[in-house]
Amino acid sequence: MVESSLQQHPKTLLVNRFTDEVYNRVGYTLVSVLNPNTSNAGTASPMKEAVFDMIKTAYEFIDLGMHCGTHPRLGVVDHVCFHPLRCTSLDQAAALTRSVAAQVGEELAVPTYLYGAAHTSGRTLASIRRELGYFKPNCDQNQWAGSLSFNVPNLKPDFGPRNSAQNSKGVLTLGATKWVDNYNVPIHCTNIELVKRIARRVSERGGGLESVQAMGLAHTDGVIEVACNLLNPGQVGADRVQAEVERLGKAEGLNVGKGYFTDFSEERIVDLYVESVNSM
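Residues numbered from 1 in each chain as written. Predicted model: local features only at pLDDT ≥ 70, side-chain atom pairs only at ≥ 80, totals over all residues. Heavy atoms only, no water.

Where an unreviewed UniProt entry is consulted, the chain appears under the name glutamate formimidoyltransferase, with the organism given as Rhynchospora pubera.

Written as structure tokens, this is what we have:
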């Protein structure tokens, strides 16, 4: 149902869908055109309308209280990030982000939090997540289950109601950043704490690779993943992450598998969009 809402928005194309049943998580990559001369990208934007309808449909058909998985989340729609491609500016992406966040907060009554270029201080997605308890499982077997249980009186949302998260919807984070690669490396291991320590040593926050965020997450039986965000993939890419996880895993006597991306590269996404438009 969520994906079918895009049928009403032919100017916005779905170029990738990534589904992980264990994580109980689906990621969509949408591409559309913004007028480079438009000062307010959030006004009358095909992308804005398509994204809002997908969010609205997700809230209508998914109850957060009925779901669980081994990947953390803050809401039915965990987060939305707008990345400028080609001649689109980060300022335009930020304007679009703020416009969508305002509409979600006001019309759907969901607390929304801005990050990256969309926020006045440029705060990070990770900082919001830490403050909201995103990284702490609330169920056995390192799972996140059911509705959210926190109250966040000291973290005022940018838009929407200032109260505890709605049980069925949760909260929503929205941001504008340059392109981010998501790369996950499987480790054949059952010791989640050991893999979490490896993930921390891989991450910049733990003294590891610059511009890399990482966390250890239980995946399939006998496999725990080091799930990474590569914030500057042109500087530190998947090859370096793979090598570092292998190095640290080998030191612990672990078998490290080949990692995988959850999306295409920025260049490939542009190519897919152009190919789709030209075939219409």
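1. Structural notes on the environment of E275
With respect to the helices, strands and loops of the structure, E275 is situated in helix α6 (residues 266-278). Distance in space between the C-alpha atoms of E275 and W144 is 39 Å, their sequence separation being 131 residues. (Helix = DSSP H or I, 4+ residues; strand = E, 2+ residues; numbered from the N terminus.)

2. Topic: unusual backbone geometry
With the exception of glycine, the majority of residues adopt a negative phi angle, and the majority of peptide bonds are in the trans configuration. Despite not being glycine, A109 shows a phi value in the positive range, around 55°. The residue A109 is located in the loop between α2 (90-107) and β5 (112-116) in this model. The partly exposed category is assigned to A109, whose relative accessible area is 34%. Backbone geometry places N142, a non-glycine residue, at a positive phi of 55°. The exposure class of N142 is partly exposed, given its relative accessible area of 24%. (Buried < 20%, exposed > 50% of the residue type's maximum accessible area, 1.4 Å probe, protein only.)

3. Examining the nonpolar core
Soluble globular proteins: nonpolar side chains tend toward being buried together. In this structure, I55, Y59, V104 and L172 are the most contacted members of the largest nonpolar core, which totals 31 residues. Only α1 (46-61), β4 (79-82), α2 and β7 (172-176) provide two or more residues apiece to this core. Top contributing element to this core by residue count: α1, with 8 residues. Ignoring anything within four residues of it in the chain, the contact list for I55 reads V77, V80, V100, V104, L108 and L172. If you look at the next biggest cluster of nonpolar residues, it comprises 23 residues, including Y183, V185, V241 and L248. (Core = buried A, V, L, I, M, F, W, Y, C linked by side-chain atoms within 4.5 Å. Contact = heavy atoms within 4.5 Å.)

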